[in-house]
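Structural features, examined
Below are the chains, spelled out letter by letter.
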Amino acid sequence: MPLLHISLRAGKPEAYRQAIFDSLYHAMREALSVPEDDQFMTITEHDAANFRYGNAYGVVRSADVVYIQITVFNTRTVEQKKGLFRRVAELLGENPGIRPQDVFVTILDAAKENWSVGHGLAQFA
């Protein structure tokens with residue numbers, strides 16, 4: 001049940017943004033075994049004045065950097081997370097062609113009882 005928030009500079013075409021959604025969905029299916037049609041994602045676009053990045057940690061980024069925040073159940077292993085990081089960079093490199101240096105991913109762990117996915121119910125508590 002991942003929830004993704006994706007941030008990037010404004011101006012990319014719809015096909016580019018849809019390719020990001022598709023690549024992230026496939027990476028999660030492969031690395032985290034998320035269920036079919038588990039696609040809860042948003043993209044937020046920012047103009048240049050409201051989007052900043054740096055080259056910290058030995059990574060030279062460009063204005064095409066994409067910030068991806070993934071909230072998941074706190075049951076994922078370190079190995080699953082590492083596999084997801086790799087697969088996200090690979091698939092985004094293939095389509096829509098994002099350089100691996102421009103793929104910035106964070107994973108937030110949340111306990112299952114902190115999720116309600118509809119009808120006001122605590123489905124996982």
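Before any of the text, the structure's been laid out above.
Rules used in this analysis
Residues numbered from 1 in each chain as written. Predicted model: local features only at pLDDT ≥ 70, side-chain atom pairs only at ≥ 80, totals over all residues. Heavy atoms only, no water. Helix = DSSP H or I, 4+ residues; strand = E, 2+ residues; numbered from the N terminus. Rg over C-alpha atoms; globule rule 2.2 N^0.38 Å. Expected span 1.5 Å × (residues − 1). Buried < 20%, exposed > 50% of the residue type's maximum accessible area, 1.4 Å probe, protein only. Contact = heavy atoms within 4.5 Å. Pairing = 2+ DSSP bridges. Axes fitted to C-alpha atoms, helices over the stretch in contact; angles between N-to-C directions.

1. What about the overall build of the protein?
- Assigned secondary structure in the protein consists of two helices and four strands.
- Secondary structure of the protein in N-to-C order comes out as β-α-β-β-α-β.
- Its C-alpha atoms give the protein a radius of gyration of 15 Å, within 12% of the compact-globule value 14 Å for 125 residues.
- Each principal axis of the C-alpha atoms in the protein carries an extent, and together these give about 40 × 30 × 25 Å.

2. Thoughts on helix α2 (residues 78–94)
- Taking 1.5 Å of rise per residue, the 17 residues of α2 would be expected to cover 24 Å, and the 25 Å separating its terminal C-alpha atoms lies within 8% of that figure.
- Within α2, the full set of buried residues consists of Lys81, Gly83, Leu84, Val88, Ala89, Leu91 and Leu92.
- Buried residues in α2 make contact with α1 (14–32), β3 (66–73) and β4 (103–110).

3. With respect to the sheet that holds strand β2 (residues 41–46)
- Pairing is mixed across the open sheet formed by four strands, whose spatial order is β2-β1-β3-β4. Each end of this open sheet is capped by a strand with a single partner; those strands are β2 and β4. Along the sheet, successive strands turn relative to each other by an average axial angle of 15°, direction set aside.
- Here β3 pairs with β4 via eight bridges, running parallel. Counterpart to Gln69 in the pairing with β4 is Thr106.
- Against the sheet, α2 touches β3 and β4, its axis set at about 145° to β4.

4. Things to note about the environment of Asn95
- When you line up the elements, Asn95 lands in the loop between α2 and β4.
- Placed 76 residues apart in sequence, Asn95 and Ala19 show a C-alpha to C-alpha distance of 5.9 Å.
- In this view, Asn95 contacts Ala19 and Ser23; residues no more than four positions away in its chain are not counted.

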